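Now for the letters of each chain:
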Amino acid sequence: MPPPREALRRLLPSHLHRPVARRAPRSSPPPPQVDEGPLPDPYSLLVHDPIDLLSSLWRRAFAHPQPSPFPNLSGYASRLDLWLLSYQRACAHATGAFPPRQAVPLPTLHCLLRLRAAALRRHPGLPLGRLHPPPHPIPRRRADRVVQELLLLLLEPVFEPRFSPKSHAFRPGRGPHTAIRSVRSGFAAYLWFVSADLTAVVDGLSPDTILSCVQKAVSDRKVLSLLKSALNSPVRPGSVAPPEKNLDGLAKKRLKRKVLRKSRKKKVLNENEPKPDPYWLRLFFGFAPDQASHVPNYGHCGIISPLLTNVCLNELDWWMEERINEYFSPSKHDSIWKEAGDEGCHNPAWPEFVPSAGKEKTRKMDFLRYGSHVLIGIRGPREDAVEIRRQLMEFCERTFGLRPENSMVEIEHISRGIEFLDHVISRRVIYPTLRYTASGGNIVSEKGIGTLLSVTASLQRCIRHFRKLELVKGDRDPEPLPCSPMLYSGQAHTNSQMNKFLETMADWYRYADNRKKIVGFCAYVIRSSLAKLYAARYRLKSRAKVYKIASRDLSRPLRESTRNDAPEYSDLLRMGLVDFIEGVQFARMSSIPSCDYTTFPRNWVPHHELVLREYIKLQDPKFFCELHKTIKRQEINSPQDDVSKMVWDYKVYGIYDDKRSITNVKELRNDEVDNKDKQLLLDT
């Protein structure tokens, strides 16, 4: 007797149970999987400290910054300790919590072993997200992030000693503040400025151009293969956020209502979902300058893309260094600029002025780069600025295969003001009184004229950012708007959030000449916005009533009910039933800190590089031999002599240079030895 299923098939018509020929999918065949074999015990491979491994890589890269490519990175890439550290960093980025090393489960370690084996012995066409077979405990996007973190840990110490000190973006220890301080200290007395926006050039770099720049410093084939795969892999739909659409007024209102309805609903986070950024941090991110808001992205490189941008534009940096040395032409009558490069004889912290008249003028040029934005200062005629602009555009076309648009490379005079990182670089003319002693012993006082570089925060940019965040309306006379996102928060929490925002803004405008003015304006907008919010929440009619009850800094509690039997705020605070209400900071101009005019040396390096170079120097036996010879040849100096030398070096050079002092002492000692030898020969 046939089985029931077979009997049922006989009763049905033949065309219903006929096998249907299915078409093969048109997608490309999957790449061959790597045969790993039996996996080793991961705990037996976790024997090194990843911080020690990375420290050895940084020491090796800084100790021998040779122009030849770095030979071997696969040895570091094969360490499971670094893969685990990359996974921890990827988890910290996704969830906001850095998992301990002991808390990583065994299946995840096995997955990291497969990922490491597939990355080091991979198929050339295998994308980063398919380096290990499913099923696996690590999602594909996080696997991409793990590989990106590993490549960043390996490539960053290799390229850091090769980068120019004039580059300030996407580098450890450098940022917008160092760029602004470099402008203040090194761009005094420049008349013409060339401002170049190379964003279109950076975004259009081809994978071959990027790889050719990387191969000048890295020769490891496996690392280059991983990088090439990340550059050439097609971007999956949905992995990159779509560009923002330009909406009309009605569409913006509808979108705003939709977002407002969603924000009113209480959202319950998932188990591993990270908490959103606090409101004050989102406010501060809205103040990002145009030069800092753009972050490049190449294929599946992700967080490596900013590093690759610096690698490619490093060619431009060193080309500009050569142009600076060629252009420098000192004048005989110039008492400030006598030497080229960083060995200048002028400390910009001292009130000395560059002569602005005379037949022979000093020709000098300097530059800095923040990301894809280049700022060049020129002391010379406008024709030289036009020539530098033409050479810059030709260099980009010759090296990167892309020519920037004419509107993206502009020439501006210092009198009109140059906007850079939401700060305005301008010139202030001052008339100091110069007092000196004449030949007869008389003290002569004369009125002089000089120029000082002024770096001020752009108030219009600040108003524009506030208007984009919907905290003010209007341009010339901005009117604060109520802070609606904090409508359902308590007074203590709202004031605390806004105090953190104001502290961050005061630190952002730390090196602006008008720091008190710009921070005072921000505090006025925040206080007025909160006063309007509290007037709506507690049903008060105006801001004046809010200030009358809560005081000027909004530190006194506002109540919804006016019952006489309600306990006092001080009693509730003593019992711990209410939170302490902080007053909004910077309610008075006297409480706002002034501009930070701390001297920024021309040879400045970040603290971690300084410590690293000192450590490398202490590990070198030649240094101790030179130190022993110096102690033998030199006499014991008094502390007063050393202090006087340090003060003189800070006055003249802006930084204490021990090499120059040691060189002078060596010359004196050599002269004494020669004189003693001559006297000995004469005596014999």
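Whatever comes next refers back to the structure up there.
Residues numbered from 1 in each chain as written. Predicted model: local features only at pLDDT ≥ 70, side-chain atom pairs only at ≥ 80, totals over all residues. Heavy atoms only, no water.

A. Highlighting helix 11 (residues 221–232). Over its 12 residues, helix 11 extends 16 Å from the first C-alpha to the last, a length consistent with the 16 Å expected when each residue adds 1.5 Å. Along helix 11, the residues classified as buried are Val223, Leu224, Leu226, Leu227, Ser229, Ala230 and Leu231. In this structure, the buried side of helix 11 is in contact with helix 6 (106–120), helix 7 (140–159), helix 10 (207–214) and helix 15 (305–327). Where helix 11 begins, the side chain of Asp220 points an oxygen toward the backbone nitrogen of Lys222, at a separation of 3.1 Å. (Helix = DSSP H or I, 4+ residues; strand = E, 2+ residues; numbered from the N terminus. Expected span 1.5 Å × (residues − 1). Buried < 20%, exposed > 50% of the residue type's maximum accessible area, 1.4 Å probe, protein only. Contact = heavy atoms within 4.5 Å. Polar contact = N/O pair within 3.5 Å; in protein donor to acceptor, adjacent residues only side chain to side chain.)

B. Highlighting the packing of aromatic side chains. Throughout the structure, instances matching the rule amount to 13 aromatic pairs. Between Trp58 and Phe62 the ring centres are 5.9 Å apart and the planes differ by 15°, which places this aromatic pair in the stacked class. Of this pair, Trp58 and Phe62 both sit in helix 3 (residues 50–63), 4 residues apart, which is roughly one turn of the helix. When sorted by exposure, Trp58 lands in the same class as Phe62, which is buried. Between Phe287 and Phe466 the ring centres are 4.9 Å apart and the planes differ by 80°, which places this aromatic pair in the edge-to-face class. Taken together, the residues span a long stretch of sequence, with Phe287 in the loop between helix 13 (279–285) and helix 14 (290–293) and Phe466 in helix 17 (residues 459–468) at a distance of 179 residues. Owing to a relative accessible area of 2%, Phe287 belongs among the buried residues under this scheme. Here Phe466 falls in the buried class, since its relative accessible area comes to 0%. Within the aromatic cluster, the residues linked to one another by ring pairs are Phe287, Phe466, Phe501 and Phe521. (Phe/Tyr/Trp six-rings, centres within 6.5 Å; stacked < 30°, edge-to-face > 60°.)

C. Quick peek at the pattern of salt bridges. Considering all chains together, one arrives at 23 salt bridges under this definition. Between Glu321 and Lys166 there is a salt bridge whose closest N-O contact spans 3.8 Å. Linking Glu321 in helix 15 with Lys166 in the loop between helix 7 and helix 8 (176–186), this pair joins segments that are 155 residues apart in sequence. Across the pair, exposure class does not vary: Glu321 and Lys166 are buried alike. Between Arg390 and Glu394 there is a salt bridge, with the nearest N and O atoms lying 2.7 Å from each other. Here Arg390 pairs with Glu394, and both are found in helix 16 (residues 382–400), just 4 residues apart, close to one helical turn. Members of the salt-bridge network, linked through shared partners, are Arg89, Arg145 and Glu149. (Salt bridge = Lys/Arg side-chain N within 4 Å of Asp/Glu carboxyl O.)

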